[in-house]
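Commentary on secondary and tertiary structure
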Amino acid sequence: MKKFEITKHWGRLVGIRPIKTATRLMAEGKTAAEIISYFTDKFETTLEIAELALTVAQTEKPIIDASDPKGVSLYIHIPFCPSRCFYCSFSSPQSSHATHLIPEYLQALHKELDAALFIINRNKNIVETIYIGGGTPTVLDAAQLDALLSKLSHIKAKEFTVEAGRPDTITREKLEILKRHNVTRISINPQTMDDETLVRIGRKHTSEQTRAAIAEARKCGFDNINMDMIAGLPGETFDTFRRTLEEICALSPENITVHAMCVKRTSDLNFDLRGKAGAIRGTNPSITSNPNIESDENSADLTRGDEVARMVKFSRETLTERGYTPYYLYRQKHTLGDCENVGYSKPGFEGIYNIHMMSEIQTIIAIGAGSVTKFVDSRNSNIERIFNVKEAIDYINRIDEMIERKNLLIEISGNL
């Protein structure tokens with residue numbers, strides 16, 4: 001059994017939001033050199049990781065400082081996808097198998113949205129950002145999308161993002177509806193530009209459809225586009241990843257988000273691996289005890305952790321050279337190579353919602369199945385969370401309970 005050396009880029013620093021440590025040190029008046037030393041000495045991170053954390057915190061700071069004290073963000077979840085990706089663990093029923101649920105789901109969603117907007121108006125809050133995510137919101141047909149966005153047309157947000165993640169769900173009509181309703185930012189997320197990998201991971205689109213979707217979005221006037229990619233997709237090599245990065249850069253999106261491959265517990269990938277090497281919940285100690293999943297021949301479907309780390313480092317160097325700056329970052333368990341997920345942007349195109357979400361400095365009111373509302377008390381930074389049920393059918397049947405959960409906590413906490 002061949003073993004590979006584990007490189008712990010983040011040393012002893014754990015948690016989803018390591019940038020909050022750098023932000024806190026900045027608020028305490030620490031110099032850049034002191035912050036870097038804190039990371040490398042106290043947490044034993046690499047110098048490169050310490051510098052990355054500092055850069056992200058510095059980029060976030062003016063956006064955080066510009067946040068309105070009465071500001072909130074509004075998140076709306078559409079838990080449907082045209083197919084289930086091999087690596088995905090979200091509760092996202094395939095729309096081809098759940099078309100019958102979408103009208104009822106939207107009816108419940110509109111009801112919860114009305115209740116949330118009433119709360120926002122009652123408390124005289126300012127909606128600074130709106131984010132419609134999923135799933136794939138653009139699985140909705142044009143009429144459904146138009147009806148949902150019409151309920152938000154009175155809000156003048158700094159940023160309004162809609163995930164149009166799957167290129168095969170994007171049409172000229174839908175893009176024109178998004179534009180008409182003042183959506184300022186969209187995400188078109190290929191994850192890879194390799195057609196063989198797209199088939200392997202369960203995607204129903206091609207790289208050419210991604211290029212066509214970007215071109216159509218530009219024709220419709222969208223000047224703030226994010227594209228996601230994943231380092232370490234099953235079967236991909238460094239050269240495959242490099243070609244994807246080069247092709248995405250050639251499309252010149254304003255944001256590029258680089259995710260490191262993560263083996264999630266309820267993903268089809270993990271269940272497939274369980275029969276080979278135990279994966280996350282199995283019995284093979286080389287997998288179970290090692291969050292980097294530096295594997296042996298039994299888990300050949302996974303990219304080696306050191307190769308994923310090489311991909312992530314290459315993306316950071318390449319994007320920095322091309323004028324992109326890392327502006328938000330988070331980590332996950334069971335990520336190959338002990339790597340991080342990083343959002344990069346051209347100057348002035350940082351995703352405000354992403355920063356608010358990761359910095360946890362602003363209340364986020366979340367609507368829809370599986371969403372989590374976070375009430376942030378600005379007086380003491382306490383956070384109260386309200387969880388909606390995950391499954392779409394449960395959400396439909398228990399929508400009144402979802403609304404009551406929010407109302408009760410607001411009455412108790414008075415945080416808004």
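Before going into details, it helps to say that this report is about the structure given with it. Here the structure is a predicted model, which is why all the values come from computation and not from measurement.

1. Comments concerning the overall build of the protein
Along its length, the protein carries 16 helices and 11 strands. A buried classification covers 58% of the 416 residues belonging to the protein. The long-range fraction of contacts in the protein, counting pairs at least 24 apart against all pairs at least 6 apart in sequence, stands at 73%.

2. Examining the layout of surface pockets
Reported here for the second largest pocket is a volume of approximately 770 Å³. Glu360, Ile361, Gln362, Val376 and Ser378 are, among the 34 residues lining the second largest pocket, the residues nearest its centre. Only helix H1 (19-27), helix H3 (47-65), strand S1 (71-78) and helix H14 (352-359) provide two or more residues apiece to the lining of the second largest pocket. With six residues, the top contributor of residues to the lining of the second largest pocket is H1.

3. A word on the nonpolar core
Among the nonpolar cores identified, the biggest contains 99 residues, and Tyr105, Ile132 and Tyr395 are the most heavily contacted of them. Residue contributions to this core peak at 11 residues, all from helix H5 (residues 101-122). In contact with tyrosine 395, not counting residues within four places along its chain, are Tyr105, Ala108, Leu109, Glu112, Ile367, Gly368, Ala369, Asn388, Val389 and Met402. Listed in part, the eight residues of the second largest apolar core include Ile64, Tyr327, Ile352 and Ile355.

4. A few points about the pattern of salt bridges
Here the structure, examined in full by the defined rule, presents 26 salt bridges. Among the salt bridges present, the one from glutamate 246 reaches arginine 242, with a minimum N-O distance of 3.3 Å. One end of the pair is glutamate 246 and the other is arginine 242, both in helix H10 (residues 238-251) and four residues apart, which spans about a single turn. One connected set of salt bridges, linked through shared partners, spans Arg17, Lys20, Glu360, Lys374 and Arg385.

5. A look at the packing of aromatic side chains
Taken as a whole, this structure holds 10 aromatic pairs when the rule is applied. Seen from their ring centres, tyrosine 75 and tyrosine 131 are 6.0 Å apart, and the 25° between their planes marks the pair as stacked. With tyrosine 75 in strand S1 and tyrosine 131 in strand S2 (residues 126-134), this pair connects stretches of sequence that are 56 residues apart. Each member of the pair, tyrosine 75 as well as tyrosine 131, carries the same accessibility label: buried. Among the aromatic side chains, those forming a connected cluster through ring pairs are Tyr38, Phe39 and Phe43. The ring of phenylalanine 43 has lysine 42 sitting right over it, with the charged end atom 5.8 Å from the ring centre. Directly above the aromatic system of phenylalanine 222 lies the positively charged group of lysine 179, at a separation of 5.0 Å from the ring centroid.

6. Examining H3
Think of an α-helix as turning once every 3.6 residues; residues three or four places apart then point the same way. With 19 residues, H3 extends 27 Å between its outermost C-alpha atoms, agreeing within 8% with the 27 Å of an ideal straight helix rising 1.5 Å per residue. Structurally, H3 contributes buried residues whose contacts are with H1, helix H2 (32-42), helix H13 (305-321), strand S7 (325-330) and H14.

7. Side note on unusual backbone geometry
Omega for the bond connecting glycine 134 with glycine 135 falls within 30 degrees of zero, at 20°, which places this linkage in the cis form. Along the chain, glycine 135 turns up in the loop between S2 and helix H6 (142-150). Despite not being glycine, glutamine 191 has its phi angle at roughly 70°, a positive value. Mapped onto the elements of the fold, glutamine 191 is located in the loop between strand S4 (185-187) and helix H8 (195-200). Within the chain, histidine 334 stands out as a residue other than glycine whose phi angle is a positive 60°. Here histidine 334 is to be found in the loop between S7 and strand S8 (341-345).

8. Regarding the side chain of asparagine 224
With respect to the helices and strands, asparagine 224 occurs in the loop between helix H9 (207-219) and strand S5 (225-231). Looking at asparagine 224, the relative accessible area reads 10%, which means it is buried. Apart from the residues lying within four places of it in its own chain, the contact partners of asparagine 224 are Thr184, Arg185, Ile186, Arg218, Glu254, Asn255 and Phe349.

9. Describing the environment of proline 137
Examined against the element boundaries, proline 137 turns out to sit in the loop between S2 and H6. Sequence separation between proline 137 and glycine 165 is 28 residues; the distance between their C-alpha atoms is 7.9 Å. Among all residues touching proline 137, those that are not within four sequence positions of it are Ile78, Ile132, Leu145, Val162 and Glu163.

The rules behind the values
- Residues numbered from 1 in each chain as written.
- Predicted model: local features only at pLDDT ≥ 70, side-chain atom pairs only at ≥ 80, totals over all residues.
- Heavy atoms only, no water.
- Helix = DSSP H or I, 4+ residues; strand = E, 2+ residues; numbered from the N terminus.
- Buried < 20%, exposed > 50% of the residue type's maximum accessible area, 1.4 Å probe, protein only.
- Contact = heavy atoms within 4.5 Å.
- 1 Å grid on protein atoms, 1.4 Å probe; cavity = no way out; pocket = protein on both sides within 12 Å on 5 of 7 lines; lining within 4 Å.
- Points joined across faces, edges and corners; volume = space filled by probe spheres on them.
- Core = buried A, V, L, I, M, F, W, Y, C linked by side-chain atoms within 4.5 Å.
- Salt bridge = Lys/Arg side-chain N within 4 Å of Asp/Glu carboxyl O.
- Phe/Tyr/Trp six-rings, centres within 6.5 Å; stacked < 30°, edge-to-face > 60°.
- Lys NZ or Arg CZ within 6 Å of the ring centre and 35° of its normal.
- Expected span 1.5 Å × (residues − 1).

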